[in-house]
Amino acid sequence: MKDFFSMISLLFRPFFGGTLEEGIKAYDEFDYIKAFKIFQKFASQNNSTAQYYLGKMYEKADFVDKDISQAICYFQEASKNNHADAAFALGMIYHRGKDVPKDDDLAKDYFDLAIVNGNIEAKKIMKLFEESEVIYSLRDGIELFKKEEFLKALDIFKALAKKNDTDALFYIGYICEYFDFEGKPDNIEPFELFLISANNGNRNAQYEMGLQAYYKDKYEEAVSWYEKAAKQGLKDAQKNLSTMYELGYGVKKNLEMAKFWMKEFLNNKEEV
């Protein structure tokens, strides 16, 4: 009985010594009590390696009860400190979808972070993702958008946006700005997406920037955006630019320019 209480007292005795390397050695030798105490000490000092190991212990129930939320918390803290294996662990948690809802988009984000920080396994996983991905085009997203299948269209536009397709950003912004539907994301700022897309030459986004500037009484800014879109042949932009010249909003009143842009509008055969 005395030996039993002695062992219990060892478990709860304050632990002040031990290097991080000793903690890793203890973990590898299955001395989880010693390892846990050392990792706790260093994790409180924001050490990413200790945070990673604590995440592993909570994920695998090494000495502690399994707690995936706590594991994710430690892995996230380590990832913020550029720990590649922690980012990879998070990617695998969300890719497997066993203890949390499966989310391959989030998993890919963590795999990318792991790759940046030197994890080789993450490269292999991302290669498998790329080989299995169906290749979609902007046209595919637009067709779904026209059918008002907004969530499916957003999935395609988001995938394209991750590949630096700034035209896709316009459609994400447009859908979230003007349409209400079940499952609509609430964390998207359409204005920011319009601005990025417009600055990269998307005429529809330039027109949207013009509209937003106009409704805020920023007429000079509106004229600037309308002109960019009008010169790319956008019909509505040509009409609005003609009106701005006719009324002298944001630009010196000029009936000749008003007539010019109205003529461009009337001769423009594209559908509005």
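Above: the structure in question.
Just so you know, these numbers come straight off a predicted model, no measurement behind them.

(A) Structural view of the side chain of S79. Among the secondary structure elements, S79 is positioned in helix 5 (residues 68-80). By relative accessible area, which is 6% here, S79 ends up buried. A polar atom in the side chain of S79 sits 3.3 Å from the backbone nitrogen of A87. Setting aside chain neighbours within four positions, we find S79 in contact with A86, A87, L90 and L113.

(B) Up close: the pattern of salt bridges. Enumeration according to the criterion identifies 10 salt bridges in this entry. K80 is paired through a salt bridge with E77; the nearest N and O atoms lie 3.4 Å apart. One end of the pair is K80 and the other is E77, both in helix 5 and three residues apart, which spans about a single turn. The closest approach of N and O atoms between E121 and K124, which form a salt bridge, is 3.3 Å. One end of the pair is E121 and the other is K124, both in helix 8 (residues 120-132) and three residues apart, which spans about a single turn. Under the relative-accessibility criterion, K124 is labelled partly exposed at 47%. The structure contains a network of salt bridges with shared partners spanning D105, D109 and K162.

(C) Structural detail: the packing of helix 9 (residues 138-146) against helix 11 (residues 166-178). For the pair helix 9 and helix 11, the least separation of the axes is 11 Å and the interaxial angle reads 15°. One element, helix 9, and the other, helix 11, form an angle in the roughly parallel class. Here helix 9 and helix 11 pass one another in a crossing that is left-handed. In this structure, helix 9 contributes L138, I142 and F145 to the contact, and helix 11 contributes D167, A168, Y171, Y174 and I175. Of the residues assigned to the contact of helix 9 with helix 11, the class counts are seven nonpolar, no polar and one charged.

(D) Expanded view of the nonpolar core. By size, the foremost hydrophobic cluster in this structure holds 40 residues, and its most contacted members are F39, F75 and F111. Listing elements by their share of this core, those giving two or more residues are helix 2 (20-28), helix 3 (32-43), helix 4 (48-60), helix 5, helix 6 (84-96), helix 7 (104-116) and helix 8. Take this core: its biggest share by element is eight residues, from helix 6. Apart from the residues lying within four places of it in its own chain, the contact partners of F75 are Y52, G55, K56, E59, A86, A89, L90 and I93. L144, Y171, F194 and A198 belong to the second-largest nonpolar core, a separate cluster that totals 24 residues.

Quick notes on the rules
Residues numbered from 1 in each chain as written. Predicted model: local features only at pLDDT ≥ 70, side-chain atom pairs only at ≥ 80, totals over all residues. Heavy atoms only, no water. Helix = DSSP H or I, 4+ residues; strand = E, 2+ residues; numbered from the N terminus. Buried < 20%, exposed > 50% of the residue type's maximum accessible area, 1.4 Å probe, protein only. Polar contact = N/O pair within 3.5 Å; in protein donor to acceptor, adjacent residues only side chain to side chain. Contact = heavy atoms within 4.5 Å. Salt bridge = Lys/Arg side-chain N within 4 Å of Asp/Glu carboxyl O. Axes fitted to C-alpha atoms, helices over the stretch in contact; angles between N-to-C directions. Parallel < 35°, antiparallel > 145°, perpendicular 65-115°, else oblique. Left-handed = near helix turned anticlockwise from the far one by under 90°. Nonpolar A, V, L, I, M, F, W, Y, C, P; charged D, E, K, R; others polar. Core = buried A, V, L, I, M, F, W, Y, C linked by side-chain atoms within 4.5 Å.

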